[in-house]
Amino acid sequence: MSEVLYRKYRPKFFKEVVGQRPIKVTLENEISSGQLAHAYLFVGPRGTGKTTLARLFARSLNCLNRAQGSTEPCNTCQTCQSNLNNQSLDVIEIDAASHTGVDNVRENIIANAQVPPFNQKGYKVFVIDEVHMLSKSAFNALLKTLEEPPKQIIFILATTEIHKVPETIISRCQRFDFKKIPQADVIKRLTEIIEWEKVQMDENILAQIARRSEGCLRDAESILGQIISLANGKVTEDLVSLVLPRNNWQEIDILLEALRLNNLSAALNQINKLVEEGVDLDTLHNDLLSYVRQVMLYKIIGSEFVSDLDTNWQNNIKIHAEGFKLADLSRLLNILLNKLSHKQQSIIDQLPLELACVEFLLISQEKQTASNFSSPNSQNTTGLEINPQDLDVLQNNWHKLADSLKSLNHSVSALIKSTHPLQINEKVIVLGCEFSFHIEQLSKNNIKQAIEESLSDILARNIAVNFEVDDDYQNKHQDFKGRSEEGIDELVNVFGGEIV
Ligand SMILES: [Zn+2]
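These figures come from a predicted structure and were not determined experimentally. (Residues numbered from 1 in each chain as written. Predicted model: local features only at pLDDT ≥ 70, side-chain atom pairs only at ≥ 80, totals over all residues. Heavy atoms only, no water.)

**Focus on the overall build of the protein**
Thought 1: Regarding its fold elements, the protein presents 24 helices and 8 strands.
Thought 2: Residue burial in the protein is summarised as follows: out of 500 residues, 48% are buried.
Thought 3: The contacts of the protein with a sequence gap of at least 6 include a subset with a gap of at least 24, amounting to 71%.
Thought 4: For the protein, the exposed area adds up to about 25500 Å²; of that, 48% sits on carbon and sulfur atoms. (Helix = DSSP H or I, 4+ residues; strand = E, 2+ residues; numbered from the N terminus. Buried < 20%, exposed > 50% of the residue type's maximum accessible area, 1.4 Å probe, protein only. Contact = heavy atoms within 4.5 Å. Areas by Shrake-Rupley, 256 points an atom, 1.4 Å probe, with all protein chains shown as cover.)

Structure below.
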């Protein structure tokens, strides 16, 4: 049924062809003007209309009833009929992907091309599908014919892999690049077909089919055919779920959210839950890649980026785009591509995906640790080497540090409030200062020692202290202290306006 549906509704007129408008217009102009090339090259993804247009072009050229200046074939005359039934002696289709195609190219094409068309007013048209599969010697034979093309002979070479076609062949052809069919056009075409078939179907289902077919109209029509053949006139979501691969977006959204929130266990649980539910891992991988890509494009291009996904998902994509850094999205895509390309070698099916999550979050967590100093309203993006636990303790107890120094020197107590931690490890803490003369004050032996004792108390471990002038002082200090100006005011009083 599915393939039947595709053949049944193969466009018989140019006006019925879905998409590829610039190509149609050019071909029709050439038909009506009679200014034809000897060889055409149709390049593009599968299922986008290359063979359909090649046959239509050949039929139109050979139609006995076609009025001068018109481009559409009549589809009823003898040559149109034999063409539609694949019985035309003047339209020779060769699939180069088959052995016969490669082996017989010399015989089929070179010899046959010397014989004029049966239809004396028409053309002999050779359609060579998947032409990139021809052997080197076959290409050479073809090239010779293209260099000295016999009259009334037209070649239409179609390929999905143009990079495998020799440049010498390409340069002798008029080239057309076929595009994937836009979803809206696919939906429109499917809508026509269900009307002809007298089947009821929600547009939502047609949209699902269109999305799943990824611009390949043949696949879309094939899926639609399967669904119609199972239905009894009325198509339900349940029925569709039997034919269409399960819609994973919601599950993938949960997985990506776990990654965004740095929650490795949630990510791994989600993967294993899906595996237990019997989700198809290949589809899951592809959908996850596609989803992350959408998020990345949204982050770069913004809301004007038109996603292939439902509008419902646009909002989810926006949330992810705002939550992930661009560098992390690109890193995640690279890790996924890398791990998933090795998935055949894995004994445990879901292991590559699990490893991808672990690898992604390990580095994220390391970076997170390094940059956790930033508060939410911070504009500071320079990395501070300080861990969140120590940072918390220091933020909550900085006033204790200042208090402990009061007995020693009142101005030093105020001065320490103007510093903030820049880096910390087990043994050393570096405090950022605004001016070098502050460092001179704070580095005096007894003062430095008092600061170290106080900080060791606060952090509950022996710690040495160093000072540095902080180039990004204002930002970092505000991050650490909040927006309070208290410390600065006090300093101004103590140093008599020396602090600006
Ligand atoms: Zn005709």
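**Describing the environment of Leu 442**
Thought 1: Its place among the elements puts Leu 442 in helix α21 (residues 436–442).
Thought 2: For Leu 442, a relative accessible area of 0% puts it in the buried group.
Thought 3: The spacing of Leu 442 and Val 412 is 30 residues in sequence and 7.1 Å in space, taken between C-alpha atoms.
Thought 4: Setting aside residues no more than four positions away along its own chain, Leu 442 makes contact with Val 412, Leu 415, Ile 416, Thr 419, Cys 433, Ile 447, Lys 448, Ile 451 and Phe 467.

**Some details on the pattern of salt bridges**
Thought 1: The final tally for this structure, using the stated rule, is 19 salt bridges.
Thought 2: Here Asp 177 makes a salt bridge to Arg 175, at a shortest N to O gap of 3.0 Å.
Thought 3: Salt bridges sharing partners connect three or more residues here, namely Arg 189, Glu 192 and Glu 221. (Salt bridge = Lys/Arg side-chain N within 4 Å of Asp/Glu carboxyl O.)

**Description of the coordination of the zinc ion**
Thought 1: Note on the zinc ion: its protein donors are Cys 63 (SG), Cys 74 (SG), Cys 77 (SG) and Cys 80 (SG). The metal-donor distances range over 2.2 to 2.3 Å.
Thought 2: Taken together, the 4 donor atoms coordinating the zinc ion and their angles of 102 to 120° define a geometry best described as tetrahedral.
Thought 3: The sequence motif formed by the donor residues of the zinc ion is C-x10-C-x2-C-x2-C. (Donors = N, O, S within 2.8 Å, 3.2 Å for Na, K, Ca; no water. Tetrahedral: all angles 85-135°; square planar, octahedral: opposite > 155°, others 65-115°.)

**Structural notes on the packing of aromatic side chains**
Thought 1: On inspection of all chains with the given rule, the structure shows 8 aromatic pairs.
Thought 2: When the ring of Tyr 40 is compared with that of Phe 176, the centres are 6.2 Å apart and the planes differ by 15°; the resulting orientation is stacked. Highlighted residues: Tyr 40 in strand β1 (residues 39–43) and Phe 176 in strand β5 (residues 174–177), separated in sequence by 136 residues.
Thought 3: We classify Phe 176 as buried; its relative accessible area is 6%.
Thought 4: On the basis of an interplanar angle of 85° and a centroid distance of 5.1 Å, the ring pair of Trp 398 and Phe 480 is categorised as edge-to-face. In this pair, Trp 398 sits in helix α19 (residues 388–406) while Phe 480 sits in helix α23 (residues 473–481), placing the two residues 82 residues apart along the sequence. (Phe/Tyr/Trp six-rings, centres within 6.5 Å; stacked < 30°, edge-to-face > 60°.)

**Here we look at the nonpolar core**
The nonpolar side chains of a soluble globular protein tend to be buried, and buried together.
Thought 1: Grouped together as the largest cluster of nonpolar side chains are 35 residues, with contacts concentrated most on Leu 256, Leu 259, Val 292 and Leu 336.
Thought 2: When residues of this core are traced back to their parent elements, those giving at least two are α13 (249–260), α14 (264–276), α15 (281–301), α16 (311–323), α17 (326–340) and α18 (351–371).
Thought 3: Here this core takes 10 residues from α15, the largest share from any one element.
Thought 4: Ignoring sequence-local partners within four residues, the contact set of Leu 336 consists of Leu 288, Leu 289, Val 292, Ser 341, Leu 353 and Ala 356. (Core = buried A, V, L, I, M, F, W, Y, C linked by side-chain atoms within 4.5 Å.)

**So, α13**
Since one α-helical turn is 3.6 residues long, residues separated by three or four positions face the same way.
Thought 1: Its 12 residues place the ends of α13 16 Å apart at the C-alpha level, agreeing with the 16 Å of an ideal helix rising 1.5 Å per residue.
Thought 2: In terms of residue burial, α13 counts as a mostly covered element, since 9 of its 12 residues are buried.
Thought 3: Along α13, the residues that are buried comprise Trp 249, Glu 251, Ile 252, Asp 253, Leu 255, Leu 256, Ala 258, Leu 259 and Arg 260.
Thought 4: The positive-phi residue at the C-terminal boundary of α13 is Asn 262, with phi of around 65°. (Expected span 1.5 Å × (residues − 1).)

**A look at the pairing of strand β4 (residues 153–159)**
Thought 1: The buried fraction of β4 is high, at 7 of 7 residues.
Thought 2: Burial of β4 is two-sided: the residues Ile 153, Phe 155, Leu 157 and Thr 159 facing one way and the residues Ile 154, Ile 156 and Ala 158 facing the other way are all buried.
Thought 3: Taken together, the 5 bridges between β1 and β4 define a ladder with parallel strand orientation. Residue pairing in the sheet places Ala 39 in a bridge with Phe 155 of β4.
Thought 4: Bridge count between strand β3 (residues 124–129) and β4: 5 bridges; the pairing is parallel. Counted as the bridge partner of Lys 124 is Ile 153 from β4.
Thought 5: A crossover connection joins β3 to the parallel β4 through helix α7 (residues 136–147); in handedness this β-α-β unit is right-handed. (Pairing = 2+ DSSP bridges. Right-handed = clockwise from strand over helix to strand, strands pointing away.)

**With respect to the packing of α19 against α23**
Any two packed helices are characterised by the angle at which their axes cross and by the distance between the axes.
Thought 1: Following both chains from N to C, one finds α19 and α23 inclined at 80°, their axes separated by 10 Å at the closest point. Of the possible angle classes, the one that applies to α19 and α23 is roughly perpendicular. Listed contacts from α23 to Leu 391, Leu 394, Gln 395 and Trp 398 of α19 are Asp 479, Phe 480 and Lys 481.
Thought 2: Class assignment of the residues belonging to the contact of α19 with α23 gives a composition of 4 nonpolar, 1 polar and 2 charged. (Axes fitted to C-alpha atoms, helices over the stretch in contact; angles between N-to-C directions. Parallel < 35°, antiparallel > 145°, perpendicular 65-115°, else oblique. Nonpolar A, V, L, I, M, F, W, Y, C, P; charged D, E, K, R; others polar.)

**Things to note about the environment of Glu 354**
Thought 1: Examined against the element boundaries, Glu 354 turns out to sit in helix α18.
Thought 2: Taking the C-alpha atoms as reference, Glu 354 lies 6.2 Å from Leu 268; in sequence the two are 86 residues apart.
Thought 3: Not counting residues within four places of it along the chain, the set of residues in contact with Glu 354 comprises Leu 268, Ile 271 and Asn 272.
Thought 4: Polar side-chain contacts of Glu 354 include one of 2.9 Å to the side chain of Asn 272. (Polar contact = N/O pair within 3.5 Å; in protein donor to acceptor, adjacent residues only side chain to side chain.)

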